[in-house]
Amino acid sequence: MLVQLAWRNIWRNKTRSLIVISSIAIGLWAGIFILAFAWGMYKNNIDETVFKQLSHLQIHHPLFSQENDAKFIVPQSNEIVEKLKSQAQVSAVSSRVITSGMISSTTTARGVKIIGIDPASEKKQVKLHEIVWQGDYFETGKENEILIGEKLAKKLKLKLKSKVVLTFTDVNSEIISGAYRVGGIYRSGNLSLDEVNVYVLRPPFREILGLSKNETNEIAILLKNESVLTQVKEFAKSIAHGLKVEDWKEMAPELRLVIESFNLYTYIITGIILLALTFGIVNTMLMSVLERVRELGMLMAIGLNKLKIFLMIMLETLYLSLIGCPIGLLIGWLTVKLLGNYGINISMFSEGLTTYGFSPMIYPALDGRNYVIVAVMCLITALLSAIYPSYKALQLNPSEAIRKI
Amino acid sequence: MAKTIIDAHNISKIYNKKMVPVKALQDVHVHIEAGEFVALVGPSGSGKSTLLNMMGGLDKPTLGTVIIDNIEITKLSENKLIDLRLHNIGFVFQSFNLIPVLTSKENIGFVLQLQNVPKKKRRQRVMELLKEIGLEDKMDNKPGELSGGQQQRVAVARALASKPKIVLADEPTANLDSISANKLMETMAKLNREENITFLFSTHDPRVIKKARRVITLVDGRVDSDEEQIPT
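Since the model is a prediction, treat every value here as computed from it, not as a measurement. (Residues numbered from 1 in each chain as written. Chains lettered and ligands numbered in written order. Predicted model: local features only at pLDDT ≥ 70, side-chain atom pairs only at ≥ 80, totals over all residues. Heavy atoms only, no water.)

1. Remarks on the overall build of chain B
Stated formally: The way it works is that DSSP assigns letters per residue, a run of H or I at least four long becomes a helix, a run of E at least two long becomes a strand, and they are numbered from the N terminus. All radius of gyration figures rest on C-alpha atoms, and the globule criterion is 2.2 Å times the number of residues raised to 0.38. Note on exposure labels: buried denotes an accessible area under 20% of the residue type's maximum, exposed denotes more than 50%, and partly exposed covers the range between, all computed with a 1.4 Å probe on protein chains only. Note on definitions: a residue-residue contact is assigned when non-hydrogen atoms from the two residues lie within 4.5 Å. Note on areas: Shrake-Rupley with a 1.4 Å probe; residue coverage comes only from the protein chains shown. Residues scored as positive are Lys and Arg, those scored as negative are Asp and Glu, and His as well as the terminal groups of each chain are ignored. To locate a charge, the coordinates of NZ of Lys, CZ of Arg, CG of Asp or CD of Glu are taken.
A tally of regular secondary structure across chain B gives seven helices and ten strands. Here the C-alpha radius of gyration of chain B, 17 Å, is about what a compact globule of 232 residues would show, namely 17 Å. When the backbone C-alpha atoms are referred to their principal axes, chain B occupies close to 50 × 40 × 40 Å. The burial tally for chain B puts 56% of its 232 residues in the buried class. A separation of at least 24 residues holds for 67% of the contacts in chain B among residues at least 6 apart in sequence. If you sum the accessible surface of chain B, you get close to 10,600 Å²; carbon and sulfur atoms cover 50% of it. In chain B, 33 positive and 28 negative side-chain charges are present, and the distance between their average locations comes to 5 Å.

2. Details of the interface of chain B and chain A
Rules: Defined in terms of a 1.4 Å probe, buried area is the accessible area two parts forfeit on being brought together, summed over both. The working definition used for a salt bridge is a side-chain nitrogen of Lys or Arg within 4 Å of a carboxyl oxygen of Asp or Glu.
Residue-level contacts link 26 residues of chain B with 23 residues of chain A. Approximately 2,200 Å² of surface area, both sides summed, lies buried where chain B meets chain A, with 65% of it carried by carbon and sulfur atoms. Together, B:Ile82, B:Val101 and B:Leu114 form the three largest contributors to the area buried by chain B at its contact with chain A, with a combined 24%. Seen at the junction of chain B and chain A, the total is one salt bridge.

3. Things to note about helix α13 (residues 306-342) of chain A
Our working rule: Here the expected span of a helix is defined as 1.5 Å times the quantity of residues minus one.
Across its 37 residues, α13(A) extends 53 Å between first and last C-alpha, which sits within 8% of the 54 Å expected from 1.5 Å per residue. With its phi angle positive at about 80°, A:Gly343 sits one or two positions after the end of α13(A).

4. Section: the packing of helix α12 (residues 293-302) of chain A against α13(A)
Helix-helix packing is characterised by the crossing angle of the two axes and by the distance between the axes. Residues and elements named next belong to chain A. How we decide: All axes are obtained by fitting lines to C-alpha atoms, using only the stretch in contact for helices, and the reported angles, taken between N-to-C directions, cover 0 to 180 degrees. We call two directions roughly parallel when the angle between them is under 35 degrees, roughly antiparallel when it is over 145, roughly perpendicular when it lies between 65 and 115, and oblique otherwise. For a crossing to be left-handed, the near helix must be turned anticlockwise from the far one by less than a right angle; the clockwise case is right-handed. Residue polarity follows a fixed list, in which Ala, Val, Leu, Ile, Met, Phe, Trp, Tyr, Cys and Pro are nonpolar, Asp, Glu, Lys and Arg are charged, and the others, Gly among them, are polar.
In the contact formed by α12 and α13, the axes pass within 10 Å of each other and the chain directions differ by 140°. What the angle tells us is that α12 and α13 run oblique. For the pair α12 and α13, the sense of crossing is right-handed. Facing Leu-296, Leu-299 and Met-300 of α12, the residues of α13 in contact are Lys-306, Ile-309 and Met-312. Grouping the constituent residues of the contact of α12 with α13 by class yields five nonpolar, no polar and one charged.

5. Some remarks on the pairing of strand β2 (residues 22-33) of chain B
Two faces, one strand: in a regular strand the side chains alternate between the faces of the sheet. Threshold: Whether two strands pair comes down to DSSP finding at least two bridges between them.
As defined by bridge partners, strand β1 (residues 4-15) of chain B adjoins β2(B) across eight bridges and the pair is classed as antiparallel. Residue pairing across strands places B:Ala8 opposite B:Val30, the latter belonging to β2(B).

6. Details of a positive patch on the surface
Quick note on the threshold: Excluding any residue in a salt bridge, patches collect residues exceeding 30% relative accessible area, merging like charges within 9 Å and nonpolar Val, Leu, Ile, Met, Phe, Trp and Tyr side chains within 5 Å.
Judged by side-chain charge, A:Lys142, A:Lys161, A:Lys163 and A:Arg181 come together as a positively charged surface patch. Residue position: A:Lys163 is located in strand β6 (residues 163-169).

7. Let's talk about the side chain of B:Lys211
All names here are of chain B. Selection criterion: N or O atoms closer than or at 3.5 Å make up a polar contact, with two conditions inside protein: a donor-capable atom paired with an acceptor-capable one, and, for residues adjacent in sequence, both atoms drawn from side chains.
Note on placement: Lys-211 falls in the loop between α7 (206-209) and β9 (214-219). For the buried Lys-211, no salt bridge exists, and the shortest N-O distance to an oppositely charged side chain is 4.4 Å, to Glu-186. A polar contact of 3.2 Å, which involves the side chain of Lys-211, links it to the side chain of Asn-182. Those residues within four positions of Lys-211 in sequence are excluded, and the remaining contacts are Phe-37, Asn-182, Met-185, Glu-186, Gln-229, Pro-231 and Thr-232.

8. Let's talk about the pattern of salt bridges
Applying the stated rule across the entire model yields 30 salt bridges over all chains. The shortest N-O distance in the salt bridge between A:Glu246 and A:Lys244 comes to 3.8 Å. Where B:Glu171 meets B:Lys48, a salt bridge forms, and the shortest distance between an N and an O atom there is 3.9 Å. Here B:Glu171, found in the loop between β7 (166-170) and α6 (178-195), pairs with B:Lys48, found in helix α1 (residues 48-55); they are 123 residues apart in sequence, far enough to count as distant. Each of A:Arg110, A:Lys151, A:Lys155 and A:Glu195 takes part in one network of salt bridges that share partners.

9. A look at the nonpolar core
The cut-off we apply is this: Side-chain atoms within 4.5 Å link the members of a nonpolar core, which is a set of buried Ala, Val, Leu, Ile, Met, Phe, Trp, Tyr and Cys residues.
In terms of nonpolar packing, the biggest core is built from 78 residues, with B:Met55 and B:Phe110 touching the most fellow members. Residue contributions to this core peak at eight residues, all from α13(A). In this structure B:Met55 touches B:Ile6, B:Ala8, B:Val30, B:Ile32, B:Val66, B:Ile68, B:Ile73, B:Ile89, B:Leu168 and B:Leu200, once residues within four positions along its chain are discounted. Listed in part, the 37 residues of the second largest apolar core include B:Val156, B:Ala159, B:Phe199 and B:Ile209.

10. Considerations on the sheet that holds β1(B)
Pairing between the strands of a sheet is mediated by backbone hydrogen bonds and can be parallel or antiparallel. Residues and elements named next belong to chain B. Spatial strand order, β2-β1-β4-β5: four strands in an open sheet with antiparallel pairing. Each edge of the open sheet is held by one strand with a lone partner, namely β2 and β5 (71-72). Lying over the sheet, α1 contacts β1, β2 and β4 (63-68), oriented at roughly 55° with respect to β2.

Structural measurements only, silent on function.
What follows is the structure, given as structure tokens:
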């Protein structure tokens, strides 16, 4: 009886009910879109970090991350690399020699991180060749070629073929200088890295640093699937005795911080949307109760008890929510699906975002679980919003309510 | 001797006690027996509706007691009062009587549904009442599709659906034309005779007053006269 009465009541004023349904649908859509947009940003950022910079795992000397000095070596590196390559879950393994130093042009100098790489293995690892936008990717085979970022090139006023001098210390702490020529300029989309990382060929650089063929500073491991991270990490630990094996979350704590702050931001925005929805529903349902005061009084007079009155108004809101939620979910899903394929270009804000490693193209994405969470939150919000109007209905005195004009 | 169904003892009702007190009822004593057909008359503001509300348990007196079928209702909790109204008292109001989203037959069956009467029995009783009030052809119409008189007849049928001991009607003919008012009064009188239901209705329409077998007149919240008459 209450079920039928509440259902018919919501269609007494179609415009008002459609407004509530639209509010719920739009609120839900907005919640889904914001979560999907934020998650798209995180995912983009994580993918950039893992696939373009760090890889899933790295092996270093325990002190290397503190001082970034070439003297902190990974011994027996060739054996470790071979063992890792033999693992089915591993997609690529690269060995790098790294040190901090100074790069000088004819006009100025800056501190940089010098990374000696094997161009072929890095093609699979971080796909460095894909971001070279001027010059080429170590294709001349010249040992003194250097690949620098666009931002650094601008700061040092360098062009292709410009001559630079790298100054650094070798494993014996001897200061060494070497002349290099800019062979390529890359643009990674992460301005901080573009300004700091410079790449040279590993074998000659290793020799200059004084490392043996079986020594390196960093082994980067790219996995076929993130889900095997812990398993491969354990394996790497078992073969890299006395060395530090870290995953990308440990290596990029700033990324975690950014994600956490974005999470907070997302919750705040979702909260604001739900709060706005709450006011909308409270207002509409209260209006619906107040304009039915006489009728509610009559219902109480003829024997509908207060619990049933309360339930009837809650049911009315539940129906409106049960109509609005699937519509909001559908529109949200379609929006995420569409924009997830085509992406959203936020290049207007990209300069600030690329500093933090975010790409200007965002592909919103959201898993099924989050759709359910937002829908349930929306439903709970709607029901909580109905409590006050329902409570107001309970406060009515039948004899006074019937007299109301 | 007939059984006492309503016994209102020394009822007083004062509104706005803290600000400007309004004495709606003063020391009213009314005793009604089962099966009576009573008109409560008096000018506007004489306390007719207030007295009906007290007798129906919709409001509580400031002083005095109301006993319905040997139950002192002035001491009952809100939920017990609602339950008492559901099973013992039928109400007919001046206007806004029906649930606008329900059809005539659903409105009549509403109280029976609240009492959890089985569907078959409910349908039977609803059809019986629709026939009684002559609105069988309007059973699927919503209140908005009925005239004022037809709506009031449906309201009377709803008040009678659960076969209550008492029907309280607050100016049931106030918004009706004379033909509809006459028809409604005839329906009420017939049901009173045939089902022995006690009717107590407030009115100031002389044509309606003539239909009552007993007339209680209220003036300024007090019983001015209480007389029996032969209905015409």
